[in-house]
Amino acid sequence: MREIDKLDNGDWYYFLDDEVAQRKANAAKLCQEFNEIPATEPDKQTQKIKEIFGSYGKNISVQSRFNCDNGKNIHVGNDFLSNYNLTILDIAPVNIGNNVMIGPNVDIYTVNHPMTAQGRREYMAKGFPVTIGNDVWIGGKVSIMPGVTIGNNVVIAAGAVVTKDVPDNSLVGGVPAKVIKKLDK
């Protein structure tokens, strides 16, 4: 089986493989093109981000700088807004619901590496999907780790590191993020 097939199947794969590297290089090229569009041309920015994403709803706005590993694994719903410097390492799917706002300097990761030195020396990686529900506000400088599911009506406080699933109707914060309180529906 080819390494790119292993990646797509959610198996361990060699991340320096030529096909894997080419996919990432293509995404980097598209992101560079997006990031070079002046902020005074939001319609051009929107057209380019639609070229990058796998699917999208109506009313999406992404500010520069934006970076990703694939792009086609990113799926956003209606009324999606991200502020400056969003990075989504989307070797696995990232599904984002409707009415989601993402603050500046947010990182969403789907890629993980082995816990053994030998596995890291062999340049192995594996993807774990991230899911973000509807009506979510992600504060600035938040990091979302591989495999996390964030429920509906969630607020993630600035600077949080989300390592575990977040239940619906929650305010979470901290490192690692923990539920601070329940939110009204």
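Here the structure is shown first, and the text comes after it.
Residues numbered from 1 in each chain as written. Predicted model: local features only at pLDDT ≥ 70, side-chain atom pairs only at ≥ 80, totals over all residues. Heavy atoms only, no water.

**Student:** Could you give an account of the environment of Met 101, naming the residues involved and the relevant values?
**Tutor:** With respect to the secondary-structure elements, Met 101 resides in strand E8 (residues 100-102). Overall, Met 101 belongs to the partly exposed group, its relative accessible area being 40%. Setting aside residues up to four positions removed in sequence, Met 101 forms contacts with Leu 81, Val 136, Trp 137 and Ile 138. (Helix = DSSP H or I, 4+ residues; strand = E, 2+ residues; numbered from the N terminus. Buried < 20%, exposed > 50% of the residue type's maximum accessible area, 1.4 Å probe, protein only. Contact = heavy atoms within 4.5 Å.)

**Student:** Residues and numbers for the pairing of strand E6 (residues 86-89), please.
**Tutor:** Summarising the sheet, strand E3 (residues 66-68) and E6 pair through three bridges and their orientation is parallel. Its bridge partner being in E6, Phe 66 is matched across the sheet by Leu 86. (Pairing = 2+ DSSP bridges.)

**Student:** If you had to explain the packing of aromatic side chains to someone new, which residues and values would you point to?
**Tutor:** Each aromatic ring pair is described using two quantities: the centre-to-centre distance and the angle formed by the ring planes. For the coordinates displayed, the defined rule picks out five aromatic pairs. Between Phe 34 and Phe 66, the ring centres sit 6.3 Å apart and the planes meet at 80°, which makes this aromatic pair edge-to-face. Taken together, the positions of Phe 34 in helix H2 (residues 18-35) and Phe 66 in strand E3 put the pair 32 residues apart, joining distant regions of the chain. On the numbers, 5.8 Å between centres and 70° between planes, the contact of Phe 53 with Phe 66 is edge-to-face. On the criterion of sequence distance, the pair formed by Phe 53 in the loop between helix H3 (42-52) and strand E2 (60-62) and Phe 66 in strand E3 is long-range, its members being 13 residues apart. An identical accessibility class is assigned to Phe 53 and Phe 66; each is buried. (Phe/Tyr/Trp six-rings, centres within 6.5 Å; stacked < 30°, edge-to-face > 60°.)

**Student:** Which residues make up the sheet that holds strand E17 (residues 161-162), and what values do they have?
**Tutor:** Strand pairing in a sheet relies on backbone hydrogen bonds, with the paired strands running either antiparallel or parallel. Reading across the sheet, the five strands line up as E3-E6-E9-E14-E17 and stay open at both edges, with parallel pairing between neighbours. Across the chains shown, the open sheet's two edge strands, defined by having one partner strand only, are E3 and E17.

**Student:** Could you give an account of unusual backbone geometry, with specific residues and numbers?
**Tutor:** Residue Arg 65 follows Ser 64 across a cis peptide bond; omega there is -5°. The amide bond that connects Val 175 to the next residue, Pro 176, takes the cis arrangement and shows omega of -10°. Within the secondary structure, Pro 176 sits in the loop between strand E18 (170-173) and strand E19 (178-182). Its identity as a non-glycine residue notwithstanding, Asn 105 has a phi of 60°, on the positive side. Looking at the secondary structure, you find Asn 105 in the loop between E8 and strand E9 (107-109). When its relative accessible area of 32% is taken as the criterion, Asn 105 is described as partly exposed. Residue Tyr 123 is not a glycine yet carries a positive backbone phi of 55°.

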